[in-house]
Amino acid sequence: MAKFGPIVWSGHGLEVYVSPGRPTKGGGRKVWIRIQGAIGTQFRVYESLSYARSADVCFQEQPHPPLSPRKRRASGP
């Protein structure tokens, strides 16, 4: 499993990684935050809300059997 950046928190079956992004052309700073389930957990995103200055994400543990991954769509015309 590819890691995103340094891990900043781990607990309750979740891992949080933070990676600073390159500055924008106007000099603005970016930071990318990845929240993912630890290896072997069955957490899925239940709900996600995005606001101007924050984001709220809710994870829910899925019952067994685990969901199968979605099929990739062909891009382009």
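Summarised in this report is the structure supplied together with it.

Criteria and cut-off values
Residues numbered from 1 in each chain as written. Predicted model: local features only at pLDDT ≥ 70, side-chain atom pairs only at ≥ 80, totals over all residues. Heavy atoms only, no water. Helix = DSSP H or I, 4+ residues; strand = E, 2+ residues; numbered from the N terminus. Buried < 20%, exposed > 50% of the residue type's maximum accessible area, 1.4 Å probe, protein only. Contact = heavy atoms within 4.5 Å. Pairing = 2+ DSSP bridges. Axes fitted to C-alpha atoms, helices over the stretch in contact; angles between N-to-C directions. Patch = residues over 30% accessible without salt bridge, like charges linked within 9 Å, V, L, I, M, F, W, Y side chains within 5 Å. Areas by Shrake-Rupley, 256 points an atom, 1.4 Å probe, with all protein chains shown as cover. Salt bridge = Lys/Arg side-chain N within 4 Å of Asp/Glu carboxyl O.

**What to know about the overall build of the protein**
In terms of helices and strands, the protein carries zero helices and five strands. The order of helices and strands in the protein, counted from the N terminus, is β-β-β-β-β. Looking at the protein residue by residue over its 77 residues, the buried ones come to 13%. For the protein, contacts bridging at least 24 residues in sequence account for 20% of all contacts bridging at least 6.

**Focus on the sheet that holds strand β2 (residues 14–20)**
Read across the open sheet, the three strands follow the order β1-β2-β3; overall the sheet is antiparallel. A strand with exactly one partner marks an edge of an open sheet, and here the two such strands are β1 (7–11) and β3 (31–37). Averaged over all neighbouring strand pairs, the angle between strand axes comes to 15 degrees, with direction disregarded. With four bridges connecting them, β1 and β2 associate as antiparallel partners. The residue of β2 that forms the bridge with Ser 10 is Glu 15.

**With respect to a nonpolar patch on the surface**
Among the surface-exposed residues, Val 31, Ile 33 and Ile 35 lie close enough to one another that they form a single nonpolar patch of about 270 Å² accessible area. Structurally, Ile 33 is set in strand β3. Under the relative-accessibility criterion, Ile 33 is labelled exposed at 55%.

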